[in-house]
Amino acid sequence: MSVLAGRRIVLGVSGGIAAYKAIEVCRRLVDLGAHVSPVLTEASRHFVGETTFSALASEPVQTSLWDEASPIPHTKLGQGADLVVVCPATARLLGTYAAGIADDLLTATLLATRAPVLVCPAMHTEMWEHPAVQDNLALLARRGVHMVPPEEGRLAGGDIGKGRLADPAVIVEAIERLFVPAELQGWKVVVSSGGTREAIDPVRFIGNRSSGKQGHAIAAEADRRGAKVTLVTTVDRPITDSIVQVRVESAEQMRQAMMTAATDADLVVMAAAVADFRPVDPAAGKIKKDQGVPQVILEPTPDILAALGALKPQGQILVGFAAETSDLRENALGKLTRKGADLIVANDVSAPQVGFEHDTNQVVILVRRPGADEVEVIDVPLDDKRRIAASVLDVAASLRSGTPATGSDRT
Ligand code: CTP
């Protein structure tokens, strides 16, 4: 379930050309289960239609302080909100809010709420850079107002510069962050993702089908929960800037990067699909066809998870994965014991919509709690990889706090 499910969000829209993007923000929030109450300023109605918002939001648009049906709409909106978002926030709106002036429904709601407030400024570069705007933003930041800064890009009228409203996906991500429990605050988390590539020659390699999606989802979720995250990865997928990425290719490179990053980590997750074998002696130059069919001699790669398990510092939580096509629980149990992990996330990669390349996964989590004789087994039904990541981190965090995760049995 999304962290936004059931959250009451007032979406304030002030009068800038970027107001059209607030429609997409509204739609995404509603899709994620939020209850969205749109409040449009007089000026914003020059840019976007009320009907569009009313059709997409959870309740009709409100625009005025002087509504006969609801005589004090700003206190009702402000007191009932879990969050007030202003998207876009014009220079005028920011100035009015910073000065504590309540001269329309949106600014009155901003002053009448004790809920967190997130502003998403959008304006021309000259206005964005003006000391008055920057001072107002600094003042609002000191008062605890959150901000999604504008991006560089094409502005109204064709100019290019800083001031363009952030992408709706980025804004919704920032909104979600405000509701995610910061239970991993202060944790250092190291995650590996993707499949390793073992060179046969400079152009060919032994690889596997791993897309890196599950490992990336775990890194992103740990970041959302407040952890400092390092991601050791073989794949080039978009990820938030706050995550430190270490790009590697082979199992040996991944081993070195993981062993270094894991020394002082609180939680280490080996989600990567490490190739089990590598050519003993990769050719320095491209093997040509006329040299005949090459005889590639293979050797085992180092088992990184087992090496991390052997050197695990006191208190560190180590999570491994198990990609299986049969005997899921038995094989996963063997890996839990053999590799010294606290937790194994096992999936049957031959099942439909599960594992490699898919956006969804279905897993069984095996947990060995400190001092417990029995291994706990938690079934996580088919879901998108982000929610699977949340379940894995819920269980990992419960190991630190000592509370058993919900939905578990023992084996
Ligand atoms: N792993 C590792 N180093 C390897 C092989 C695997 O660190 N050389 C890790 C994976 O990242 C995963 C776990 O070990 O967390 C289990 O990987 P998996 O491929 O399921 O199992 P293997 O140990 O490779 O055994 P098998 O292929 O026989 O199932």
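Above this text is the structure in question.
Computed from a predicted structure; not experimentally measured. Numbers given for residues are sequential positions, taken from 1 along each chain in its written order. Given that this is a predicted model, residues contribute local features only at a pLDDT of at least 70 and side-chain atom pairs are listed and counted only at 80 or more, while totals for whole chains, interfaces and linings are drawn from all residues. Where side-chain values are given, they derive from all heavy atoms of the structure, hydrogens and water being excluded.

This part covers the site of the ligand. Among the 15 residues in the neighbourhood of the ligand, the closest are listed as Met270, Ala272, Leu305, Phe321 and Lys339. Polar contacts, as used here, are pairs of N or O atoms within 3.5 Å; protein pairs need one atom able to donate a hydrogen and one able to accept it. Residues neighboring in sequence count only if both atoms are side-chain atoms. Contacts to the ligand include Asp276, whose side-chain N or O atom sits 2.8 Å from an oxygen atom. Residue Ala323 places a main-chain N or O atom 2.9 Å away from an oxygen atom belonging to the ligand. Secondary structure elements are taken from DSSP: a helix is a run of H or I of four residues or more, a strand is a run of E of two residues or more, and numbering for both begins at the N terminus. Secondary-structure elements contributing two or more residues to the shell around the ligand are helix 11 (304–310) and strand 16 (317–324). It is strand 16 that provides the largest number of residues to the shell around the ligand, a total of four residues. Here the residues of the shell around the ligand are counted per class, giving nine nonpolar, two polar and four charged. Proximity is defined per residue: if any heavy atom of the residue lies within 4 Å of a molecule or strand, that residue is considered near it. The nonpolar class holds Ala, Val, Leu, Ile, Met, Phe, Trp, Tyr, Cys and Pro. Asp, Glu, Lys and Arg form the charged class, and all remaining residues, Gly among them, are polar.

Attention shifts here to the nonpolar core. Take the buried Ala, Val, Leu, Ile, Met, Phe, Trp, Tyr and Cys residues and link them wherever side-chain atoms come within 4.5 Å; each set so joined is a nonpolar core. Each residue is placed in one exposure class: buried if its accessible area under a 1.4 Å probe, protein chains only, is under 20% of its type's maximum, exposed if it is over 50%, and partly exposed if it falls in between. Among the nonpolar cores identified, the biggest contains 35 residues, and Leu267, Leu343 and Ile365 are the most heavily contacted of them. Here this core gets eight residues from one element, more than from any other, and that element is helix 13 (residues 385–401). Contacts between residues were defined by any pair of non-hydrogen atoms, one from each residue, lying within 4.5 Å. Excluding residues that lie within four positions of it along the chain, Leu343 makes contacts with Leu318, Val319, Gly320, Leu336, Ile365, Leu366, Val367, Val395, Ala396 and Leu399. Formed by 32 residues, the second largest nonpolar core is a distinct cluster that contains Val25, Val61, Leu118 and Val172.

With that settled, consider a nonpolar patch on the surface. Only residues above 30% relative accessible area that lack a salt bridge enter a patch, with like-charged residues linked at up to 9 Å and the nonpolar side chains Val, Leu, Ile, Met, Phe, Trp and Tyr linked at up to 5 Å. Only the protein chains shown count as covering a residue, and every accessible area follows the Shrake-Rupley method with a 1.4 Å probe. We define a salt bridge as a contact between a side-chain nitrogen of Lys or Arg and a carboxyl oxygen of Asp or Glu at a distance within 4 Å. Residues Ile17, Tyr20 and Phe47 make up a contiguous nonpolar surface patch of about 330 Å² in total accessible area. Its place among the elements puts Tyr20 in helix 1 (residues 19–31).

To continue, consider the pattern of salt bridges. Side-chain pairs of opposite charge can arise where the charged atoms are in close proximity. As enumerated under the stated definition, the model contains 30 salt bridges in all. The salt bridge partner of Glu221 is Arg386, with a shortest N-O separation of 4.0 Å. With Glu221 in helix 9 (residues 213–224) and Arg386 in helix 13, this residue pair connects regions lying 165 residues apart in the sequence. Put simply, Lys335 and Glu324 hold a salt bridge, and the shortest N to O gap is 2.4 Å. Here Glu324 lies in strand 16 and Lys335 lies in helix 12 (residues 328–338), a separation of 11 residues in the sequence. With a relative accessible area of 18%, Lys335 lands in the buried category. Residues joined in a network through salt bridges with shared partners are Glu173, Glu176, Glu183, Glu221, Arg224, Arg225, Arg386 and Asp394.

Looking now at the packing of helix 4 (residues 91–98) against helix 7 (residues 131–142). Running from N to C, helix 4 and helix 7 cross one another at 50°; their axes reach a closest spacing of 9 Å. Here helix 4 is positioned oblique relative to helix 7, judged by the angle of their axes. The hand of the helix 4/helix 7 crossing is left-handed. Residues Ala91, Leu94, Gly95, Tyr97 and Ala98 of helix 4 lie in contact with helix 7, whose contacting residues are Val133, Asn136, Leu137, Leu139 and Leu140. Considered class by class, the residues forming the contact of helix 4 with helix 7 number eight nonpolar, two polar and no charged. Axis angles are defined between N-to-C directions and span 0 to 180 degrees, where every axis is a line fitted to C-alpha atoms and, for a helix, only to the segment in contact. Should an angle lie under 35 degrees it is considered roughly parallel, over 145 roughly antiparallel, and from 65 to 115 roughly perpendicular; all remaining angles are considered oblique. Here a crossing is called left-handed whenever its near helix is offset anticlockwise from the far helix by less than a right angle, and right-handed whenever the offset is clockwise.

What follows covers unusual backbone geometry. Across the junction of Cys87 and Pro88, the peptide omega takes the value -5°, indicating a cis bond. Looking at the element boundaries, Pro88 is found in strand 3 (residues 83–89). Its identity as a non-glycine residue notwithstanding, Asp327 has a phi of 45°, on the positive side. Take Asp327: its relative accessible area is 48%, and that puts it in the partly exposed class. Although it is not a glycine, Gln353 adopts a positive phi angle of roughly 65°. Owing to a relative accessible area of 42%, Gln353 belongs among the partly exposed residues under this scheme.

That is the geometry; function is a separate question.
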